[in-house]
Amino acid sequence: MISIARSASAKHPARPGLLGLLALLLTWLLALPAAAEDGYDLWLRYRPLPAPVLKQYRDQGTQLVAPADTATQRAARDELVRGLSGLLGRAPALAAQARRDGAIVVGTPASLPQLAALQGELEGLGEEGYLIRSTRIDGRAATVVAANTDMGALYGSFHLLRLVQTGQPLAGLDLREAPKVKVRVLNHWDNLDRYVERGYAGESIWDWHKLPDWLDPRYTDYARANASVGINGTVLNNVNTSALALTPMYLEKAAALASVFRPYGIKVYLSARFSAPIEIGGLATADPLDPAVRQWWKDKADEIYRTIPDFGGFLVKANSEGQPGPQDYGRSHADGANMLAEALAPHGGIVMWRAFVYSHEEPDDRHKQAYNEFVPHDGRFADNVLVQVKNGAIDFQPREPFHPLFGAMPRTPLMMEFQITKEYLGFATHLVYLGPLYEEALRADTHARGPGSTVAKIVDGSLEGHALTGMAGVANIGVDRNWSGSHFDQANWYVFGRMAWDPHAGAEDIARDWARMTFSTDPAVVEPVVSMMMGSHQAVVDYMTPLGLHHLMGRGHHYGPGPWVEGGPRADWTSVYYHRADARGIGFDRTASGSNAVGQYAPPVAAQFGNLDTVPEEFLLWFHHVPWDHRMASGRSLWDELVLRYDRGVDYVRGMRRTWAALEGKVDTERHHQVAVFLGIQEKEAKWWRDASIAYFQTFSQRPLPEGAAPPPHGLEYYKSLQFPYAPGDGK
Ligand code: BDP
C-alpha cells in the first residue's frame, strides 16, 4: 500500500484531488488494525507505541550514550537504537556525553567514566546483573543502565526496552536485577539431520550442512531473543545424540554458532553420547573407570576447547530409554558423570547429568526409579556436575506433583528441566501457557528442611547452599516463521527464560509483559489475553488428564488420547499401567499399600499425598486407586466429577475462542486469523480427548453420564481405530 501511494505521487505530482485521495487512503490505513505480522519478531517487535502511551516518553531517549567498542557493547547499542527508533518513532542521537535532559546512558564504570560514581552500587550484582536508575549524569536528568560487565549492560538494555515496550514510565526508576540461577539453558532435541524430536515448529534451525560458512541471520535473532530473557546457554543437539556431534567436522560447525552467540552471552553446550569413545574413538569400551577411556575424554575436551574456548560443557542422557551409560559396565551415574567432569574441569566446563532414567528391567513403579538410582550417590558427584531433574517423576505430563528428588539430594546441585515444547500438551496448536505449570512446580513445598523448602529454593541453590545452579528448557524452536509453531507458544519460550532468571517470578506478571510486547499495550487486548493464558493450563489438564490421571496419550507420537494403549515392549510405556481402571475404580495406588512412591517424599508431604482425605484433588488418581462412587469435595461421585472436568476443559477452550473472536480488529489480521484457526483445532481435539476418554472409562465405571453431559458421538471402537503414522515429532 505504501508503494502504491508512492508511485501515484511520482506519476501525477500535481493532479488536483490527489491530496484528497491520499488523505482518504491515510484515513483508511489508520482505520486498519496494525499491519499483518508473521510472528518472526517475537516479543521484540518494537512497533510504534500508540500516541497516548508515547506521550510520556516525549523528552526521553532522544540521546543515547552507549559505547560500542566490544561486540557485546555493539549488541546493546544496536538493540537500543533499533528498539527506541521503532517504539518512539525517532532514532536516538548517539552521543559521547549526555547533552540534554532525557538521555539514556548505558555501560560499565570501565566503559563509561561517567558511571564511575556508581561503582559501589554495582557491588553484589555480579557478572550478569545491572541497575537501572533515573539520575543525573553530566548535570542532566538521565536514565542509566549500569553494570559490572558488558553482558550486564546488555541484559539491562533489554530490560529498559521492555519497560518502554510495556508502556512503563521511565521517571523515578530504581531497579536492581541479578539472575538467581547461574546456568539458564535451552535444550534442543535437534538431530544432525535437522529432525527435531518432539518438535512441532518445523525442522531444526541449525543448518548443519551449510555451517560453518553460512551463518543464517536467524542465528543472531535467536541470540537476541534469548539474551532478552536472560538465557545464557544452549545445548545444540538432542539428548538422544549421535556421537558424530563430537567429531572435528561438527565441532567446527558448533564453533561457528558459538561465535554468533558469544556477544549475547550465550554459551554453546553439546549432548555427549556416552559410548562415543567406541563409536568415534575406536576404543573397545566406554567404561568410565578405564584409563584409556578417561584419557580419550580428556583429549576430546582439550580439542573442544581449542575449537570453542568458552564451551559450556556436556549434557548427558545415560542408561535411559536404551541410551548407553556407565551401568553398561557395572558403574554408577556418579562414576560416569565424574569422568566427564574431570575432563572438563581444567577448562571450567560443567556436566549436566540427567536424572530421567529408567532401566531395561521394569520397576514396580517407574515413578520411583530416578530417586532409587540417584539418592544413594548424593555427595559423590564432582563439583562441576549438575544433576538435571524433570519437574515431575514420570515425564512432562500435563500435571505432575514435583519430583521427589528435589529435596532428597542436599549435597548435589539439582537443576530443573522443564519442557517448553508441548509433547504432552497438544503440540503447537493448543493454546497452553506453561507459566502456571512452571510456577506450580517451582513453588511446591518439598518440606526438605521444614516448611517453605520450595523447589525454587533448591533450584536457586539458596536452601542447600549451592553456587552452581541451573534450569533447562526443552526448546520449542524450529524453522517456522514464527519460531515456535504458533504465536502463543512463543510465550512459553519467553516465560521459561524469565523464570530461569528468577524462579520466584510470577507467571501472570510475565504473561502480561509478554502480551503487551507481543500484541498490544491496549488493556482491552492485554487483559483478555492474559486471562485466557492463565486458565489454559488447567483447561488442558481437564480435557486430557483430570484429577491426577497421566500418561494416557497415543503410543509413540503422543498425539491425541490413547487410554486403551496396552501391550508392547514394556508395561510402563502403556496407558493401562498408569490409570489402572477396573470395575472398582481408577488410579495408581502409590501409597504404602501400593508402590509406596509416596514414601520418597519428605514425611509431611508423604502424609498429605498418601492420605485420601488430604491429597489435593489434582493429584488424587496419581497417588490413589479410588472407587468410582468415592465422594469428592463437590459432593459428586468420582465418576461424575471426572466427566464434569472433561467438560469444563472443553468449555474453557470454547470460552477462549469467544474471547479471541472479540479481539478481531484489535490484533493484526494475520496473527489473529492463525490463532483463531488453531483455537478451532484445539476445541475439536479437546472434545476428542473428552469423548474418547469418557467412552473408554465408561466401560469400567458402568455408570450413566451425569445429567447434562452429552454422550460421546462415536463408539469406543471408532476412537481406538484412529491412526496417525505421520504425526510430527515422534522419537526416531
Ligand atoms: C520423553 C520423550 C522422548 C525423550 C525423553 C527424554 O518422549 O522423546 O527422549 O523424554 O527426556 O518425554 O529423554
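How each quantity is defined
Residues numbered from 1 in each chain as written. Predicted model: local features only at pLDDT ≥ 70, side-chain atom pairs only at ≥ 80, totals over all residues. Heavy atoms only, no water. UniProt positions renumbered as here; feature names shortened; annotations may be inferred. Helix = DSSP H or I, 4+ residues; strand = E, 2+ residues; numbered from the N terminus. Rg over C-alpha atoms; globule rule 2.2 N^0.38 Å. Buried < 20%, exposed > 50% of the residue type's maximum accessible area, 1.4 Å probe, protein only. Contact = heavy atoms within 4.5 Å. Areas by Shrake-Rupley, 256 points an atom, 1.4 Å probe, with all protein chains shown as cover. Lys, Arg positive; Asp, Glu negative; His and termini not counted. Charge placed at Lys NZ, Arg CZ, Asp CG, Glu CD. Salt bridge = Lys/Arg side-chain N within 4 Å of Asp/Glu carboxyl O. Pairing = 2+ DSSP bridges. Axes fitted to C-alpha atoms, helices over the stretch in contact; angles between N-to-C directions. Near = heavy atom within 4 Å. Polar contact = N/O pair within 3.5 Å; in protein donor to acceptor, adjacent residues only side chain to side chain. Nonpolar A, V, L, I, M, F, W, Y, C, P; charged D, E, K, R; others polar. Expected span 1.5 Å × (residues − 1). Domains from an automatic or database assignment. Buried area = accessible area lost by both parts, 1.4 Å probe. Phe/Tyr/Trp six-rings, centres within 6.5 Å; stacked < 30°, edge-to-face > 60°.

In the nomenclature of an unreviewed UniProt entry, the protein chain corresponds to Xylan alpha-1,2-glucuronidase from the organism Pseudoxanthomonas taiwanensis J19. In its Catalytic activity (unreviewed entry) section, the UniProt entry covering the protein chain states "Hydrolysis of (1->2)-alpha-D-(4-O-methyl)glucuronosyl links in the main chain of hardwood xylans."

### Some words on the overall build of the protein chain
Check the secondary structure of the protein chain and you find 22 helices and 16 strands. Computed over the C-alpha atoms, the radius of gyration of the protein chain is 27 Å, within 12% of the 27 Å expected from 2.2 N^0.38 for a compact globule of 732 residues. The principal-axis extent of the C-alpha atoms belonging to the protein chain is close to 85 × 70 × 50 Å. Here the protein chain holds 732 residues, and 62% of them are scored as buried. Long-range pairs, those at least 24 residues apart, make up 73% of the contacts in the protein chain between residues at least 6 apart in sequence. Carbon and sulfur atoms make up 54% of the accessible area of the protein chain, which totals about 27,200 Å². Averaging the coordinates of the 71 positive side-chain charges in the protein chain and doing the same for the 82 negative ones gives two points 6 Å apart.

### Description of the pattern of salt bridges
The final tally for this structure, using the stated rule, is 50 salt bridges. Note that Arg354 and Glu417 form a salt bridge whose closest N and O atoms lie 2.7 Å from each other. Pair noted here: Arg354 is in strand β11 (residues 350–354) and Glu417 is in strand β13 (residues 414–419), with a separation of 63 residues, a long-range link. The buried category is assigned to Arg354, whose relative accessible area is 1%. When salt bridges that share partners are traced, they join Glu37, Asp41, Arg45, Arg47, Asp668 and Arg671 into one network.

### A few points about the UniProt feature "domain: Alpha glucuronidase N-terminal" (unreviewed entry) in the protein chain
Annotation from UniProt places "domain: Alpha glucuronidase N-terminal" (unreviewed entry) at residues 42–160. In this annotation, residues 42–160 is assigned 28% helix and 21% strand; the end-to-end C-alpha distance for the span is 17 Å.

### A few points about the sheet that holds strand β8 (residues 233–235)
Backbone hydrogen bonds are what pair the strands of a sheet, in a parallel or an antiparallel way. Around the barrel, which closes on itself, the 8 strands sit in the order β7-β8-β9-β10-β11-β12-β13-β14 with parallel pairing between neighbours. On average, adjacent strands in this sheet sit at an angle of 25° to one another, irrespective of strand direction. Pairing geometry for strand β10 (residues 313–316) and β11, over 4 bridges, is parallel. Note that in β11 the partner of Val316 across the bridge is Trp353. Relative to β11, helix α10 (residues 333–344) is tilted by about 160°, and along the sheet it contacts β10, β11 and β12 (385–390).

### As for the site of the ligand
In the vicinity of the ligand lie 14 residues, with Glu197, Lys317, Arg354, Asp395 and Glu423 positioned nearest. A distance of 3.0 Å is found between an oxygen atom of the ligand and a side-chain nitrogen or oxygen belonging to Asn240. Taking Arg354, its side chain carries an N or O atom lying 2.6 Å from an oxygen atom of the ligand. Out of a free accessible area of 320 Å², the ligand has 97% covered by protein chains. In terms of residue class, the shell around the ligand is built from 4 nonpolar, 2 polar and 8 charged.

### Section: helix α21 (residues 669–701)
For α21, which comprises 33 residues, the first-to-last C-alpha distance of 47 Å matches the rise-based estimate of 48 Å (1.5 Å per residue) to within 8%. The positive-phi residue at the C-terminal boundary of α21 is Gln702, with phi of around 55°.

### Section: the domain arrangement of the protein chain
Taken domain by domain, the protein chain holds domain 1 (2–31), domain 2 (51–177), domain 3 (183–518) and domain 4 (542–588 + 625–721). Centre-to-centre separation of domain 2 and domain 3, based on C-alpha positions: 33 Å. Taken residue by residue, the interface counts 16 residues in domain 2 and 17 residues in domain 3. On the domain 2 side of the contact with domain 3, Tyr155, Phe158 and Arg162 bury the most area, a combined 36% of that side's loss. At the junction of domain 2 and domain 3, the tally comes to 3 salt bridges. Secondary structure elements with two or more residues in the side of domain 2 that touches domain 3: α4 (71–88) and α5 (150–165). Among the elements that line the side of domain 2 that touches domain 3, the one with the most residues is α5, at 6 residues.

### Quick word on the environment of Gly729
With respect to the helices and strands, Gly729 occurs in the segment after α22 (716–721). Distance in space between the C-alpha atoms of Gly729 and Tyr130 is 39 Å, their sequence separation being 599 residues. In contact with Gly729, other than residues within four places in its own chain, are Tyr195, Val196, Glu197, Arg198, Gly199 and Tyr200.

### What to know about the pairing of β12
Within β12, 6 of the 6 residues are buried, which leaves it mostly tucked inside the rest of the structure. What you see with β12 is no split at all: Val385, Val387 and Val389 on one side and Leu386, Gln388 and Lys390 on the other are buried throughout. As judged from the 4 bridges shared by β11 and β12, these two strands associate in the parallel manner. Bridge pairing in β12 places Met352 opposite Leu386. Relative to β13, β12 runs parallel, the two being bridged by 4 bridges. Across the sheet, the residue bridging to Val387 is Leu414, located in β13.

### Some details on the packing of aromatic side chains
Pairs of aromatic rings are described using the distance from one ring centre to the other and the angle between the two planes. A full pass over the atoms with the stated rule returns 43 aromatic pairs. Pairing Trp208 with Tyr250 gives two aromatic rings, centres 5.6 Å apart and planes at 65°, and the pair type is edge-to-face. Within this pair, whereas Trp208 is found in the loop between β7 (183–187) and α6 (217–228), its partner Tyr250 is found in helix α7 (residues 248–261), the two being separated by 42 residues in sequence. On the basis of relative accessible area, Tyr250 is assigned to the buried category, the value being 14%. Ring centres 5.4 Å apart and planes at 40° place the aromatic pair Phe488 and Phe519 in the tilted group. With Phe488 in the loop between β14 (470–474) and α14 (490–501) and Phe519 in the loop between α15 (507–518) and α16 (523–544), the pair connects residues that are 31 residues apart, well separated along the chain.

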